[in-house]
Number of protein chains: 2
Amino acid sequence: MRKGIDTELFLQVKKQQWIREGEQILLALSGGADSMYLLYFLKELQNHLSFSLRAMHVQHGIRGDEAVEDATFSRQQAELYQVPFLEYTCSVPDYAEENKLGIEEAARTLRYKALKEEALRWQAESGRKTKIALAHHMDDQAETILFHLIRGAGFSGISGMKAEDLLSEAETTLLRPLLSLRKEEILKRLEELGIPYREDSTNRDKSYARNYLRLEILPALEKINAGAVKHLLEAAELFSETEAYFQEKATEWIKRYGERKESSTGKCISLSIPQLKKENALFRREIYKEAIFLLRGNTTEFGKLHYHGIDRLLKRGNGGRLSLPKGVKAEVEQKRLLLEKF
Amino acid sequence: MRKGIDTELFLQVKKQQWIREGEQILLALSGGADSMYLLYFLKELQNHLSFSLRAMHVQHGIRGDEAVEDATFSRQQAELYQVPFLEYTCSVPDYAEENKLGIEEAARTLRYKALKEEALRWQAESGRKTKIALAHHMDDQAETILFHLIRGAGFSGISGMKAEDLLSEAETTLLRPLLSLRKEEILKRLEELGIPYREDSTNRDKSYARNYLRLEILPALEKINAGAVKHLLEAAELFSETEAYFQEKATEWIKRYGERKESSTGKCISLSIPQLKKENALFRREIYKEAIFLLRGNTTEFGKLHYHGIDRLLKRGNGGRLSLPKGVKAEVEQKRLLLEKF
C-alpha cells in the first residue's frame, strides 16, 4: 500500500496514532464504497500494525430486499477479507415514530447505539481498548457542517465530525480516518483496486435533507467556488479550535474563580459575580456552558437562550433565580452565582 | 409611521443611535425596492429627527438603456421626496479589466469608492458628520456570509456586513439599517404604500455568483430548514462577537507583552517569545494579526498562511526571518519576535 490515498492515509494514521498496537477496531460496514475502502485499508494496515478487526453491519429494516442484499454482500466481503462479521437488525421506522425523529436521524441514532454497545461488549470481553471505525469522508463532513449551520448551532455543532471522537459516556472512541479524502478519490481508488461495493438507493433520495445538501447544494457551491468544500472544512477547523480555546479558558477561569461543592443531595458550582462582570459577554456564556458541563457531564438540551438567561441574573442581583433544563437551577446569593443540580 | 416594519426599524435606529441630530446621510439610491424603501423610511424619519439627507445614484455603465432609465427613475423619485440628488457615472468594465476583477466585484468597489468620496466631500464642506446609508437586508446578509464561507475567510469575513461600519481609513461610517428585515417584508411594505421601484435585470442573472447564492441556494437551504437564513445570521453574530473578543484580548496582550517602536525609517512591534509560547496557537495567530493591524492600519493581503508562517519562527529561534506582504518582515532576535515595516 504505497500508492496515492493509501499512503496518505497510512501516514496520517501513524502520525495521529489513531490505532495503537493491540487495540480492537469495530468497523461499521454498510457495503457502500466508503466502508468497503475502509475495510480494504484496515486489512492492509494489519500488515504493519497488530490490532484486531471486526466488521459490523447494521440493518435498518427500511429498504426490504435491497437491505437484505446489502447485508449478504457485506457478510461475503468480510469473509473474503477474513474479518469476523456481525449483523445487527433494528427497526428504524418504529424507533422514529416512538421518538418523533425523522427517518435519517433515527437510523443514525440506532446505528451509533448498536455500534457502541457492541464495542463495549467486545472491550469488556477482552479487556482491550476498542474503537469504532466509521467511513465518513470530506464530502460527508462538508454536508454535516452546512447542515448544522442552517439548523442553528454553536461552535461545537458547526465544528463538524472529529477524526478521533472520545465518547466519555460510552467509554469508547469513534475513529473517522477518511475525513481528509474526497468521495471521488475513494471511488477512483476502488476502481483501481477492482473492489466491488453496493449503492444504497436511499443515499440518492433527495427528499432526505442531508442527501439534498450533498447531492445538490455542495456541487452548486463548488461551481461558484471550486474550493467551497475545502473552505467549509477550514472554517470548521477554525470553529473547532475556537471551541477548544474557550473550553480551556473557561475551565481555567472556573478553577480560579469558582467553587465546586458536592453533597449527597446534589452538586453546586458557585461563580464570583464581580469576576464574571470583568469578562466579555461571549466568554461569560462559555463559563456557564463549562459549569453546566461540570455539573452534568454534558450540555445536551442547553443552548444560547439558557446561557443568556443565566447572564441576565447578574443584573438582577441577590435573590434572582432561574429554572433550567434537566433539573439545573441558577441562583444569585450575595456576590456568587450558584448553578445547582439536585 | 407606526406600522409593521416601519416601527420596528424606527425603534432600532433610535436604540442604536445610528443617526443623530444634525448628521448628514448620503443614501445610495439604485431605484430598486430596497433603496426605495430606505428613501421612504429616511424621509419619514426626518419628521422625528433632524438630519440632512441626500441621495446618490451610481451608474455603472454596464446595462445601456436600462441603466439610463434607472438613473432617470431615481432622480424623479428623489425630486418627488424633495431629496437632493446626485448622479455618478463610472465604467465598471474598464475598471474590472484594469484591476482583474469580476464585474460584480468591480461594480461594488467603484460604488463604495464613489459614495465614500462624495460623503467626505459633503462632510468637509459642512463640517458635519456624514454617513452613507445602504439598503442591504437580511437576505443580502445571508448571501454575503455564505459567499465568504465558501471562498475561505477567517472570522472577520464570515461575520457578515455590519449595521454600523466605521471605516477608519475613510473617516466615514456605513449604515445598513435594513439588515434585520427580510426582502419579502420590504416588498410587502412597498406594495402597501404603493411605492414604485425598478428591477435591475442583473440582479436576476444567475451567472453572477452572488445572485445564484441568493436566488437558488438560499431558497433551497430554507426548504431544508425554514430557519436557515436566520440561523446563518445567528452564526455570523457569534463569529462577529468572537472576532471582537479576540481583538480585545490580543490588544490587551500586546499592551502587556509587546513593545512598539517608531522611527523615521519605520515601525516595529516586538513580542515576548516566552510569553507567546504560553498561549494557545489560535490565540497566537490573533496576536500576530493585531500586531500587523497596528503596523499597517489594516490586514489586507494577510491570511492564515502568513500567521502560521510567523508562528513557525518561534520554533526556529534566534535569527529566523520571514518576508511578508506589503513590506512587512518578521524576525527573531534573542527572546523577542520582531514585526517590522520600513
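Named according to an unreviewed UniProt entry, chain A is tRNA(Ile)-lysidine synthase originating from Oribacterium sinus F0268. For chain A, the Sequence similarities (unreviewed entry) comment in UniProt is given as "Belongs to the tRNA(Ile)-lysidine synthase family."

1. Here we look at the relation of the copies chain B and chain A
At an RMSD of 0.1 Å, chain B and chain A line up after a rotation of 180 degrees and a shift of 0.1 Å along the axis. Viewed as a symmetry operation, the transformation between the two copies matches a two-fold axis. Every residue of chain B has its C-alpha some distance from the rotation axis, and the shortest such distance is that of B:Ile217, at 3.4 Å. Both copies contact each other with a shared surface, as 100% of the interface residues of chain B are interface residues in chain A too.

2. Observations concerning the UniProt feature "binding site: ATP" (unreviewed entry) in chain A
All names here are of chain A. Per the UniProt annotation, the sites labelled "binding site: ATP" (unreviewed entry) are Ser30, Gly31, Gly32, Ala33, Asp34 and Ser35. Mapped onto the secondary structure, serine 30 falls in the loop between strand E1 (24–28) and helix H2 (33–45). The exposure class assigned to serine 30 is partly exposed, which follows from its relative accessible area of 41%. A distance of 3.0 Å separates a polar side-chain atom of serine 30 from the backbone nitrogen of glycine 32. You can see glycine 31 is positioned in the loop between E1 and H2. Not counting residues up to four positions away in its chain, the partners in contact with glycine 31 are Met36, Phe73, Ser74, Tyr197 and Arg198.

3. Focus on helix H9 (residues 209–224) of chain B
Spanning 16 residues, H9(B) covers 21 Å between terminal C-alpha atoms, matching the ideal 22 Å at 1.5 Å per step. B:Ile217 marks the point of greatest bend in H9(B), at about 30 degrees, and the proline B:Pro219 comes within the next four residues. B:Arg210, B:Asn211, B:Leu213, B:Arg214, B:Ile217, B:Leu218, B:Ala220 and B:Leu221 are the residues of H9(B) that are buried. Structurally, H9(B) contributes buried residues whose contacts are with helix H6 (138–151) and helix H9 (209–224) of chain A together with helix H5 (103–126), helix H6 (138–151) and helix H10 (228–257) of chain B.

4. A look at the packing of aromatic side chains
Scanning the entire structure with this criterion turns up 24 aromatic pairs over all chains. Here A:Phe302 and A:Tyr307 contribute two aromatic rings whose centre-to-centre distance is 6.4 Å and whose plane-to-plane angle is 25 degrees, an arrangement assigned as stacked. Ring centres 6.4 Å apart and planes at 35 degrees place the aromatic pair B:Phe246 and B:Phe283 in the tilted group. You can see B:Phe246 sitting in helix H10 and its partner B:Phe283 sitting in helix H12 (residues 281–296), a full 37 residues away along the chain. The class of B:Phe246 is buried, set by a relative accessible area of 0%. These aromatic residues form a ring-pair network of at least three members: A:Tyr245, A:Phe246, A:Phe283, B:Tyr245, B:Phe246 and B:Phe283. Positioned over the ring face of A:Phe147 is A:Arg210, at 4.4 Å from the centre of the ring.

Each value, and the rule that gives it
- The residue count restarts for each chain, going from 1 along the sequence in the order it is written.
- To label them, take the chains in the order written and letter them from A, then take the ligands in the order written and number them from 1.
- In keeping with the model being predicted, local features are shown solely for residues with a pLDDT of at least 70 and side-chain atom pairs are shown and tallied solely at 80 or more, while totals for entire chains, interfaces and linings include all residues.
- Note that the side-chain values use all heavy atoms of the structure and ignore hydrogens as well as water.
- UniProt positions are given in the numbering used here, feature names are shortened, and annotations may be inferred rather than shown by experiment.
- Only residues with pLDDT of at least 70 in both copies count here: their C-alpha atoms drive the least-squares fit that superposes the copies.
- Note on contacts: a residue pair qualifies if any of its non-hydrogen atoms lie within 4.5 Å across the two residues.
- Runs of E in the DSSP output that reach at least two residues are strands. Runs of H or I that reach at least four are helices, and both are numbered from the N terminus.
- Working definition: with a 1.4 Å probe on protein chains only, accessible area under 20% of the residue-type maximum means buried, over 50% means exposed, and in between means partly exposed.
- Here a polar contact is recorded for every N or O atom pair within 3.5 Å, except that within protein the pair must consist of a potential hydrogen donor and a potential acceptor, and residues adjacent in sequence are included only if both atoms are side-chain atoms.
- To estimate the expected span of a helix, subtract one from its residue number and multiply by 1.5 Å.
- Note that bend, as reported per residue, equals the angle between axes fitted to the 7 residues terminating at that residue and the 7 residues originating from it.
- Aromatic contacts are taken between Phe, Tyr and Trp rings whose centres are within 6.5 Å, Trp giving its six-membered ring; a plane angle under 30 degrees counts as stacked, one over 60 as edge-to-face, and the others as tilted.
- Sitting over a ring, as applied to charges here, requires NZ of Lys or CZ of Arg to be within 6 Å of the ring centre and within 35 degrees of the ring normal.

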